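Residues per chain are reported as follows:
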Amino acid sequence: MTKRARMNVYFDPELLKQVEALSLRRKVSKSAIIEAAVASFLSGDTADRLEAAMSRRLDRLGRQVDTLDEDLAILGETLSLFIRFWLTITPPIPEAGKESSRAKGVERFEGFMQTLGRRLATGDRFLKELSRDVDSTGVGVNGDQP
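Residues numbered from 1 in each chain as written. Predicted model: local features only at pLDDT ≥ 70, side-chain atom pairs only at ≥ 80, totals over all residues. Heavy atoms only, no water.

This paragraph deals with the layout of surface pockets. Considering only enclosed or pocket space, the largest pocket measures out at about 610 Å³ in volume. Looking at the lining of the largest pocket, the elements that each hand over two or more residues are helix 1 (13-26) and helix 2 (30-43). Ranked by residues supplied to the lining of the largest pocket, first place goes to helix 2 with six residues. As for the second largest pocket, its lining consists of Leu75, Phe112, Thr115, Leu116, Arg119, Leu120, Asp124, Arg125, Phe126 and Leu127. Elements with a minimum of two residues in the lining of the second largest pocket: helix 4 (98-122) and helix 5 (126-137). When residues in the lining of the second largest pocket are grouped by element, the largest group, five residues, is from helix 4. Tallied by class, residues from the lining of the second largest pocket come to six nonpolar, one polar and three charged. (1 Å grid on protein atoms, 1.4 Å probe; cavity = no way out; pocket = protein on both sides within 12 Å on 5 of 7 lines; lining within 4 Å. Points joined across faces, edges and corners; volume = space filled by probe spheres on them. Helix = DSSP H or I, 4+ residues; strand = E, 2+ residues; numbered from the N terminus. Nonpolar A, V, L, I, M, F, W, Y, C, P; charged D, E, K, R; others polar.)

According to the stated counting rule, one finds six salt bridges in the structure shown. For the salt bridge of Arg102 with Glu99, the shortest nitrogen-to-oxygen distance reads 3.9 Å. Separated by three residues within a single helix, Arg102 and Glu99 lie in helix 4, roughly one turn from each other. (Salt bridge = Lys/Arg side-chain N within 4 Å of Asp/Glu carboxyl O.)

Summed over the entire model, instances satisfying the criterion amount to one aromatic pair. When the ring of Phe109 is compared with that of Phe112, the centres are 6.2 Å apart and the planes differ by 35°; the resulting orientation is tilted. Placement of both Phe109 and Phe112 in helix 4 is noted, with a separation of three residues, approximately one turn of the helix. The class of Phe109 is partly exposed, set by a relative accessible area of 47%. (Phe/Tyr/Trp six-rings, centres within 6.5 Å; stacked < 30°, edge-to-face > 60°. Buried < 20%, exposed > 50% of the residue type's maximum accessible area, 1.4 Å probe, protein only.)

Of the residues in the protein chain, 92% have a pLDDT of 70 or more, and the chain-wide mean is 85. Averaged pLDDT values over the elements of the protein chain bottom out at 73 in helix 5 and peak at 93 in helix 1. (pLDDT = per-residue confidence, 0-100.)

In contact at an axis separation of 9 Å, helix 1 and helix 2 are set at 110° when each is read in the N-to-C sense. Relative to helix 2, helix 1 is oriented roughly perpendicular. Classified by chirality, the crossing of helix 2 by helix 1 is right-handed. Where helix 1 abuts helix 2, its residues Val19, Glu20, Leu22 and Ser23 lie against Lys30, Ile33 and Ile34. Looking at side-chain class alone, the contact of helix 1 with helix 2 contains four nonpolar, one polar and two charged residues. (Axes fitted to C-alpha atoms, helices over the stretch in contact; angles between N-to-C directions. Parallel < 35°, antiparallel > 145°, perpendicular 65-115°, else oblique. Left-handed = near helix turned anticlockwise from the far one by under 90°. Contact = heavy atoms within 4.5 Å.)

Let us look at helix 4. What sets the pattern is the α-helix's 3.6 residues per turn: residues three or four places apart point alike. With 25 residues, helix 4 extends 36 Å from end C-alpha to end C-alpha; this agrees with the ideal 36 Å at 1.5 Å per step. Of the residues trailing helix 4, Gly123 is marked for its positive phi of about 80°. (Expected span 1.5 Å × (residues − 1).)

Attention shifts here to the side chain of Ser23. You can see Ser23 is positioned in helix 1. Looking at Ser23, the relative accessible area reads 11%, which means it is buried. Residues contacting Ser23, with those up to four places away along its chain left out, are Val28, Ser29, Lys30 and Ile33.

Structure below.
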């Protein structure tokens, strides 16, 4: 049996409630929790562990930013190709048909907005769909083989 020395300390009542709650959750004594906290505080490696945790988080954030940058580049290319294609194939509208074309445009835009709302609500995103299509066909985004 390990020899222990008794020590009386005073705690803020709220802190003591948190220690008691942790003791019940972990099914360990309050003394064990306090002893582990003091040992951790005195060990000096707390700063190293904190730095390692921060480093891991920063690395993860960096990878997420890289992914967002790639996704944004894909979206920019997609939009520019669509605009170029649309401008290339769309003939000018004669004066007599402009009003009906505007009405049809409003109708199509409303349909587009409803579809966009549904896709955003379900979480089905274009880039996920694109990556599934690329993975299933084995052809890269630019038509190149992976």
